[in-house]
Amino acid sequence: MLMRSLILVAGLSCTTAFSHAADADAAPKWEAGTAWQPIDPPQPTSTGSKIEVLEVFSYACPHCAHFQPYAEALKAKLPKNAEFVLMPADFQPRWVAFARGFYVAKDLGLLDKTHQALFDAIYRDHRPLNSLDDIAGFYAGFGADKESFVSTMQSFVIDGRIAKIREMEGKYGVDQTPTLIVNGKYRIVANTDKGIGFDQMVDIALYLVKQESTAKKH
């Protein structure tokens, strides 16, 4: 994809972060092509009967670190019939390393303890986490066995999940982070030209969740 290629040349895959106040109930302003893009065809979700709100992110993306408080706010505002999930991106080799660590940590049940902590380690504490060994060392601080963690990151199981990331990025049309995908049907990104900041991303996601909830009732 052209946009993704340009981003990689620049060494970035992140959007410019900014925020403005917005009204989630202002339905007329949240229009396809401006506030969000349709995903065609819609993709299956992983949340069963619940509406899926998926964030495509990377620990290596500073704008994803900036978006993290907004993600937490979004999770807190979701209705009971919706669920927030994460999918790491793989745009660069270092991003792949973090994606591998993410999936091992997820399988070990460590994400609740480590998700914010890993952003803090990178951007607040400036901890050098550049290799699989470094990343495993971080998770070892939360009870993981470092040697086993490194081995699992390089396993065929995790290779398969990385391949699935690449497949889904293409199907979702994801070329920047953070990106929100609502119920496999709608893609939301920050865009300064369209007046979409992180506040608006949250509000648009909530609007689309409400729209999906209404559709399920009919």
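Conventions and cut-offs
- Residues numbered from 1 in each chain as written.
- Predicted model: local features only at pLDDT ≥ 70, side-chain atom pairs only at ≥ 80, totals over all residues.
- Heavy atoms only, no water.
- Salt bridge = Lys/Arg side-chain N within 4 Å of Asp/Glu carboxyl O.
- Helix = DSSP H or I, 4+ residues; strand = E, 2+ residues; numbered from the N terminus.
- Buried < 20%, exposed > 50% of the residue type's maximum accessible area, 1.4 Å probe, protein only.
- Axes fitted to C-alpha atoms, helices over the stretch in contact; angles between N-to-C directions.
- Parallel < 35°, antiparallel > 145°, perpendicular 65-115°, else oblique.
- Left-handed = near helix turned anticlockwise from the far one by under 90°.
- Contact = heavy atoms within 4.5 Å.
- Nonpolar A, V, L, I, M, F, W, Y, C, P; charged D, E, K, R; others polar.

## Digging into the pattern of salt bridges
- Under the counting rule described, the total for this entry stands at 10 salt bridges.
- The shortest N-O distance in the salt bridge between R166 and D90 comes to 2.5 Å. With R166 in helix α7 (residues 156–172) and D90 in the loop between β3 (82–88) and α3 (93–107), this pair connects stretches of sequence that are 76 residues apart.
- Residue classification places R166 among the partly exposed residues on the basis of a relative accessible area of 47%.
- By relative accessible area, D90 is classed as buried at 5%.
- Across the pair D159 and R100 runs a salt bridge whose closest N-O atoms are separated by 2.8 Å. One end of the pair, D159, is in helix α7; the other, R100, is in helix α3, with 59 residues separating them in the sequence.

## A closer look at the packing of helix α5 (residues 132–140) against helix α6 (residues 146–153)
- Contact geometry of α5 with α6 gives a least axis separation of 9 Å together with a crossing angle of 130°. Considered as vectors, α5 and α6 are oriented oblique to each other. Considering how the two elements wind past one another, α5 and α6 form a crossing that is right-handed. Residues L132, D133, I135, A136, G137, Y139 and A140 of α5 pack against K146, F149, V150 and M153 of α6.
- Taken together, the residues of the contact of α5 with α6 break down into eight nonpolar, one polar and two charged.

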